[in-house]
Amino acid sequence: MDLSAINPILFVAGFLVAATPLIFAAIGELVVEKSGVLNLGVEGMMITGAICGFAVAVETGSPLLGFAAAAAGGALLSLLFAFLTQIALANQVASGLALTLFGLGLSALLGQSYVGVKPPRLGDIDFGPLADIPVIGPAVFTHDIILYLGLALVAATWAVLKFTRAGLVLRAVGESHDAAHALGYHVKRIRTFAIMFGGACAGVGGAYISLIRVPQWTEGMTAGIGWIALALVVFASWKPGRLLLGAYLFGGITQLQLNLQGAGVAIPVEYLAMSPYLITIIVLVILSADKSAAPASLGRTFHASQ
Amino acid sequence: MNDTPLLDLSGLTKAYPGVVANDGVSLRIAPGEVHALLGENGAGKSTLVKMIYGLVKPDAGKMQMHGAGFAPAEPRAARAAGVGMVFQHFSLFDALTVAENIALGMEDAPKLRALSQRIREVSDTYGLPLSPDRVVGDLSAGERQRVEIIRCLLQDPKLLIMDEPTSVLTPQEVEILFKTLRKLSAEGTAILYISHKLEEIRALCDSATILRLGKVVGHCTPSETSARDMAEMMVGTVLKTPTRAGKTPGDVVLALTGLSAKSPSAFGMPLRDINVEVRAGEVLGIGGVAGNGQDELLAALSGETLSAPGMIAFQGRDIGVLGPTPRRAMGILTAPEERLGHAAAPDMSLTENAMLTGAARENLDRGGMLDWGAARAFAERIISTFDVRTPGPGNAARSLSGGNLQKFVIGREVLQRPDLLVVNQPTWGVDASAAAAIRQALLDLAENGAAIIAISQDLDELMEISDRFAALNEGRLSPTRPAQGLTVDEIGMMMGGAHGMEVAHV
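Residues numbered from 1 in each chain as written. Chains lettered and ligands numbered in written order. Predicted model: local features only at pLDDT ≥ 70, side-chain atom pairs only at ≥ 80, totals over all residues. Heavy atoms only, no water.

**Student:** In this structure, what is going on with the overall build of chain B? I would like to understand it.
**Tutor:** If you tally the helices and strands in chain B, you get 16 helices and 23 strands. Scaling as 2.2 N^0.38, a compact globule of 506 residues should have a C-alpha radius of gyration of about 23 Å, and chain B matches this with 24 Å. By the burial criterion, 55% of the 506 residues in chain B qualify as buried. By sequence separation, contacts in chain B at least 24 residues apart represent 66% of the contacts at least 6 residues apart. For chain B, the computed accessible surface area is about 20800 Å², with 52% contributed by carbon and sulfur atoms. (Helix = DSSP H or I, 4+ residues; strand = E, 2+ residues; numbered from the N terminus. Rg over C-alpha atoms; globule rule 2.2 N^0.38 Å. Buried < 20%, exposed > 50% of the residue type's maximum accessible area, 1.4 Å probe, protein only. Contact = heavy atoms within 4.5 Å. Areas by Shrake-Rupley, 256 points an atom, 1.4 Å probe, with all protein chains shown as cover.)

Structure follows, in structure tokens:
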């Protein structure tokens, strides 16, 4: 075993990349849950985004168009969920699970002719002199624009929820849809927008896996990140800052176990491979022990009676 | 008074499948007038105000404001036209702060800091102390109502609609609220006041419109009409006052000694050192503002929450560690406040609901096998004895109106011949004649030797049926006093006076 083979700079750069799909999926789901909707279809929307983004990037040669298509694909699939839960008033848990199964099947169908194809690469942003800073430069300032967009999205979500009227209305709808309705807010419309936002974010997160992190297409390649995103939102107590920490923890351990595998540590690979999931959840459970801040209407169907 | 009415409704009609909620309702309110809207539950008061507030669109009829057409498509439009509404339920967000709650109910809300400043100003002007930064979930019922009132006042309403505003207040708080309302009225704000507390309406309102089954059945000047006359206009029949014979209480049935218990819910109130005895044949009335331990007391008596040994004795036996089923078998029956979901399972039929609490005492099961025939017979007996209006015992509990379900829930326990019956809000949301029937049933039960604990927020009801009275405040029970001769002031003090009013001077 040779731990010195682990390069700390590459390690940091790697875990930032590993955490990004999770950040997108989780921040989208956070907004959805803040509006009082529990969408368990994150995994399905991610994988659909992954193939939509992959296909469009390959066909057009533009990775950025691919990400746009991924967002559109995720949002479109989430509209199905919005229709089921907001208009047909179906059970949210069952609809979400169905969405995941549907998304996995749909993406496998769409991706049949893309197995083994290499997607175009998205270039890194040129930070000029910043990239020359020793250690920090190569670790932090050598990434593509989507990664930084993810960070900006977390900050923006936090600010919107905390400081703007739109954020207040969103939280109010998630807190008590009856009260929000009585005050004249359009509960279903607001929730539908939130669901679409969540779908778009999950789609981008999925495409980040297929276009940047892995870059290739294989069936079921999101490998449970969507489920981790769901757990992350709960254990982060619906707080964007804590969500970012959790995502980095997960990304860090993912990267660490890959490096440890590379360094030939004498632990069975299966244990290493499961460790990010296990450790992330344990740490977040401990963190969330204070008090649960779940939106009070989470998962409840809203029906405007009279 | 002014010639052009502030609000003029003519021929408003709104039908829902199966019911006509409003049938040609006309109403005029002048600026500065305090107008009462009276009626039983289901008379159409809520539908009428929802139309004025833009939550419901009328099928026919027209509304005019200041002589011009007024047809708000949504609450936003109504608010812009100067209509403010203080809701009975459902309009506050527990997890948000006072300022955030108020901002949500306003058009063009200013920045939170500026808004907090204005909240302080308005709360000082009208004597409604309130801190903008507090989380609403931690506020008392009276304080929550202040949040709603201030939310309306910040928008300079021309018409303020108040839906049953005093049901959650102590008498002292009601007095403070009335001062605020009179001040508003003097400034020219009209108030549409919905209540079924007739004495309050007589004290506050200039005129009244009475609704029955969706139609206007009369107008009156409350200060010149007796409460009894108004009640009979609401009900349409002559009311019977419950009667009881004088009696001497028997042995102690229930004794609570230092009963303390944590609340099962996060925003609940723990019970603190409750000492009281109840004797056979007497009715102990327990008053208090909602959320002061009523639900928790009922849960501790029913066995839903267990208590330490030595705190609860029933007929001399220590029962604190027994669950609900053994207690029911011994003769302690309870009827909780929340009808749907606590007292009855909403989607199960009346027969099934009769089975659920009646199995032990009515022998509806044998060796684990259910006797549906007996359960149906029991349900039918409840329906006929208590005049429950329903097509039959096979109907789901949810399909009954609130008052009918309440009659079923109370009747189910009364017919099981309890030795101790604990009821919480026995006539909440029930029309006056049904309420009288329920009260009479409770009195008859006491007459036959049962002990009764009636928890209620309706003080008139408690005075009517109680032999002794006590009040819950912050989870503590006041010493009991004979109900006869208690004044409203004394009761108010037992209930804790005016909650939080001292904040005004700090």
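**Student:** Mind showing me how you'd approach the sheet that holds strand S3 (residues 34–38) of chain B here?
**Tutor:** Note on sheets: strands pair through backbone hydrogen bonds, and any given pair is parallel or antiparallel. Residue and element names in this part refer to chain B. Ordered by their spatial adjacency, 6 strands build an open sheet running S6-S7-S8-S3-S9-S10, and the pairing between neighbours is mixed. If you trace the sheet from one side to the other, it starts and ends with strand S6 (83–86) and strand S10 (215–220), each paired once. Pairs of neighbouring strands in the sheet enclose a mean axial angle of 20°, with direction left out of account. Direction of pairing for strand S9 (residues 207–212) relative to S10: antiparallel, over a ladder of 5 bridges. Within S10, the residue paired with Ala208 across the bridge is Cys220. Relative to S9, helix H8 (residues 227–235) is tilted by about 35°, and along the sheet it contacts S3, S9 and S10. (Pairing = 2+ DSSP bridges. Axes fitted to C-alpha atoms, helices over the stretch in contact; angles between N-to-C directions.)

**Student:** Can you walk me through the state of the cysteines in this structure?
**Tutor:** Covalently bonding the sulfur atom of one cysteine to the sulfur atom of another cysteine gives a disulfide. Residues and elements named next belong to chain B. Using the criterion set out here, one finds 0 disulfides over all chains in the structure. Residue Cys152 stays outside any disulfide, its sulfur separated by 17 Å from that of Cys205, the closest cysteine. Cys205 forms no disulfide, and the closest cysteine sulfur to it belongs to Cys220, at a distance of 9.7 Å. (Disulfide = S-S within 2.5 Å.)

**Student:** Even after reading the chapter, I still don't get the sheet that holds strand S12 (residues 271–279) of chain B, so can you show me in this structure?
**Tutor:** All names here are of chain B. The antiparallel open sheet is built from 4 strands, whose spatial order is S12-S11-S14-S15. The open sheet has two edge strands, S12 and strand S15 (317–318), and neither has a second partner. Strand contacts of helix H9 (residues 294–302): strand S11 (252–261), S12 and strand S14 (312–314), with the helix running at about 120° to S11, the strand carrying the most contacts.

**Student:** Sorry if this is basic, but what is going on with the confidence of the model for chain B here?
**Tutor:** One rule of thumb: low pLDDT means the predicted coordinates there are not for detailed reading. All names here are of chain B. Mean pLDDT over chain B: 84, with 93% of residues reaching 70 or higher. Summarising per-element confidence for chain B, the mean pLDDT is lowest in helix H16 (residues 488–494) (79) and highest in strand S20 (residues 451–455) (94). Every residue in residues 499–506 scores below 50 in pLDDT, and together they form 14 contacts with partners more than four places removed in sequence or on other chains. Among the prediction metrics, the complex's ipTM stands at 0.76, with pTM recorded as 0.71. (pLDDT = per-residue confidence, 0-100.)

**Student:** Just checking my understanding: could you explain the packing of helix H2 (residues 42–60) of chain A against helix H10 (residues 225–235) of chain A for this structure?
**Tutor:** For any two helices packed against each other, the geometry is given by the interaxial angle and the distance between the axes. Residue and element names in this part refer to chain A. Closest axis-to-axis distance for the H2/H10 pair is 7 Å, and the angle between their directions is 135°. Our classification of the angle between H2 and H10 gives oblique. In this structure, the crossing between H2 and H10 has a hand that is right-handed. Packed against H2, whose contacting residues are Val42, Glu43 and Met46, the element H10 presents Ile225, Gly226, Trp227, Ala229 and Leu230 at the interface. Of the residues in the contact of H2 with H10, the class split is 6 nonpolar, 1 polar and 1 charged. (Parallel < 35°, antiparallel > 145°, perpendicular 65-115°, else oblique. Left-handed = near helix turned anticlockwise from the far one by under 90°. Nonpolar A, V, L, I, M, F, W, Y, C, P; charged D, E, K, R; others polar.)

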